[in-house]
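The residues making up each chain are set out below.
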Amino acid sequence: MGNKGNAGDRRSKGQLSSILIVAGFCLCFYVLGIWQRSGFGKGDSIAVEIMKKADCNSLPHLNVETHHGQETKPLDDFQVKEIPPCEDRFIDYTPCQDQARAMTFPRENMNYRERHCPPENEKLHCLIPAPKGYVTPFLWPKSRDFVPYANAPYKSLTVEKAIQNWIQYEGDVFRFPGGGTQFPQGADKYIEQLASVIPLDNGMVRTALDTGCGVASWGAYLFKKNVIAMSFAPRDSHEAQVQFALERGVPGVIGVLGTIKMPYPSMAFDMAHCSRCLIPWGGNGGMYMMEVDRVLRAGGYWILSGPPINWRTHFTAWLRPKDQLEEEQRKIEDVAKLLCWEKISEKDDIAIWRKPLNKQNCPGQDSPAPICENKNANDVWYKKMEACITPYPVSIDSMEIKPFPERLNTIPAIIARGAIQGVSVDSFHEDTKAWQNHVKAYKRFNKLIDSGRYRNIMDMNAGLGSFAAAIQSEKLWVMNVMPTVAEKDTLGVVFERGLIGIYHDWCEAFSTYPRTYDLIHANGLFSLYKDKCNAQDILIEMDRILRPEGAVIFRDQENVLNDVKRIVDGMRWNTKMVDNEGGPLIPEKILLAVKRYWVAGEKNTTTAN
């Protein structure tokens, strides 16, 4: 009897393995087949052909019932509530940077350009439409230079910045020649000037911050150096700067140096940059330079090009008095000395300073310079910016950071010295290995992950950044989001690995335009936010920032994903629930979704086609 039972078990396991393999392959065909509407994407005809040839008749009905003792109410017992489309005027709605709301706040120190989110009774409970004619963006690297006009139909920059080579309108596309206000001859040439002073080719400079980025051409061309830049610019009279950056496939967020701290951890960036960004660096007691110092890694570089640098040559063209510009530069130099930054170059219109490697190299730390009292330099979410100097961490070693890509999977120094409670060297290795396996499974489910079709990727609950490390490719980049409600703040680990990220509370809208991410990953996010805010609001925000025909991968407990699926079924998404790659007995499941193509003015319903 025992032998017969064992044989049956073996047959059941074999059948289960076959079902899972078939399901995995058919699901990838299913996801590919969703891509039926597009404009410039090159993979669409291939996807259609694969769908024609794929035989998924053997795909069994997915079993979403529990295999581990928990009772789950059948999904059919719940009525799907359809979430309606928003009015067409909300096509480019940015909830926390809404222009009308912004104008009600003080203009002092750019307060009105900062995040001001709508109260609960003003939130939109509808889906943001894409503009008519919206098409799939070009694949990288072509997207760096060309953006479909229909996706961001705003021409003001083509006139205002015409002589600076920011952007040009050509037929049904915008072309980005790579120019900037301070580098009209092109970002390549400008970056090579910087590389003559800063070591941009050996992997030691990997993460960069671009303040007042414009259309982010500096960040776009830094990819050639294997440097990734976090670019930001306010939502202002220059229409769609950050939207253009993300359409090009370049990291960017809506942001400004104003009254609150930047949403990044201390000692995060290897390099910071301002190219005529119009920030009053010497004002407010040097507060903005001190905030840059907080996020700049020991030994990191700060680049300032444009006013007031080289004012003696340009004061006439700038229509500024000489004594005013001279005073402006003097204040910047004084703050730099207070911070113990060493000026290592000033040539033509570019000045470069370097932050000291450690506090022993900084006699200014013993000067009357104000030292920040807050012991947690990463406590920044909606915290007021201060004119004070962030002290160096204890036991910092300038040689701790490895060159990229070696640092991607090397033990981060912040973990090695035990700075994050509950995160050890062993748990880091385990996390890295686990996510390598998870990503392998994702790639079996969705072959497009490796195709270049997904350029802008977001991890909504990034943890140690291991998802981004496992998916790392020249074809894509990942915005690693650290929820402010997370038990452990590990965003510093993300940056030490040579990745970029940002703090955010998902009870609020993200600082980006609609349709700016191709793939969103949400691991344990809805368990994390249970009882903190409305899951539907989070899903509507995900829909806002996801491109038409973009994909979502949810990873969470089965009962949580069932609740998520009930909401998503009322949205314009196609979904499929699958077992964890560990098998059906694992309580954690995976929900895959693809946002359907629809645009403003269409009378589509959310009923699946």
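Everything quoted here is computed from the prediction, not taken from an experiment. (Residues numbered from 1 in each chain as written. Predicted model: local features only at pLDDT ≥ 70, side-chain atom pairs only at ≥ 80, totals over all residues. Heavy atoms only, no water.)

### Notes on the sheet that holds strand 2 (residues 168–170)
The strands making up a sheet associate through hydrogen bonds between their backbones, and the pairing can be parallel or antiparallel. One open sheet accounts for three strands, arranged 1-3-2; its pairing is antiparallel. Two strands lie at the open edges of the sheet, namely strand 1 (146–148) and strand 2, each paired on one side alone. Going from strand to strand, the sheet's axes swing by 30 degrees on average, the running direction of each strand aside. Note that strand 2 and strand 3 (residues 173–175) share three bridges and pair antiparallel. Following the sheet pairing, Gln168 is matched in strand 3 by Arg175. (Pairing = 2+ DSSP bridges. Helix = DSSP H or I, 4+ residues; strand = E, 2+ residues; numbered from the N terminus. Axes fitted to C-alpha atoms, helices over the stretch in contact; angles between N-to-C directions.)

### Examining the pattern of salt bridges
Evaluation of the coordinates by the stated rule reveals 32 salt bridges. Asp537 is the salt-bridge partner of Lys123, the closest N and O atoms lying 3.8 Å from each other. Taken as a pair, Lys123 in the loop between helix 3 (99–102) and helix 4 (142–145) and Asp537 in helix 17 (residues 535–545) lie far apart in primary sequence, 414 residues in all. Classification of Asp537 by relative accessible area gives buried; the value is 15%. As a salt-bridge pair, Lys343 and Glu346 come within 2.4 Å of each other at their nearest N and O atoms. Since its relative accessible area comes to 29%, Lys343 is described here as partly exposed. (Salt bridge = Lys/Arg side-chain N within 4 Å of Asp/Glu carboxyl O. Buried < 20%, exposed > 50% of the residue type's maximum accessible area, 1.4 Å probe, protein only.)

### Let's talk about the environment of Pro153
Checked against the element boundaries, Pro153 lands in the loop between strand 1 and helix 5 (156–160). Pro153 gets classed as partly exposed once you look at its relative accessible area, which sits at 31%. Expressed as a C-alpha distance, the spacing of Pro153 and Val173, which sit 20 residues apart in the sequence, is 9.3 Å.

### Describing the pairing of strand 12 (residues 477–483)
Counting buried positions along strand 12 gives seven out of seven residues, so the element sits mostly inside the fold. Here strand 12 shows a buried face lined by Trp477, Met479, Val481 and Pro483 and a second buried face lined by Val478, Asn480 and Met482. Taking the sense of rotation as the criterion, the β-α-β connection linking strand 11 (residues 456–459), helix 14 (residues 466–471) and strand 12 turns out right-handed. Judged from the five bridges that link them, strand 12 and strand 13 (residues 500–504) form a sheet pairing that is parallel. (Right-handed = clockwise from strand over helix to strand, strands pointing away.)

### Description of the sheet that holds strand 8 (residues 296–305)
Taken together, the seven strands give an open sheet; going across it, the order is 6-5-4-7-8-10-9, and neighbouring strands pair in mixed fashion. If you trace the sheet from one side to the other, it starts and ends with strand 6 (252–254) and strand 9 (342–347), each paired once. Across the sheet, the mean angle from the axis of one strand to that of its neighbour is 15 degrees, orientation sign disregarded. The pairing of strand 8 with strand 10 (residues 350–354) spans five bridges and is classified as antiparallel.

### Quick look at unusual backbone geometry
That bond from Pro307 to Pro308 is cis: its omega, 5 degrees, falls within 30 degrees of zero. In this chain, Phe404 is followed by Pro405 through a cis amide linkage whose omega measures 10 degrees. If you trace the backbone, Pro405 turns up in the loop between strand 10 and helix 12 (413–416). Even without being glycine, Asn226 reaches a positive phi, approximately 60 degrees. Here Asn226 is to be found in the loop between helix 7 (217–222) and strand 5 (228–233).

### A short note on the state of the cysteines
Counting across every chain of the model gives five disulfides. With its sulfur 2.0 Å from that of its partner, Cys274 forms a disulfide with Cys277. In this structure the cystine formed by Cys274 and Cys277 twists about its S-S bond by roughly -100 degrees; its chirality is therefore left-handed. One exposure class covers both Cys274 and Cys277, and it is buried. (Disulfide = S-S within 2.5 Å.)

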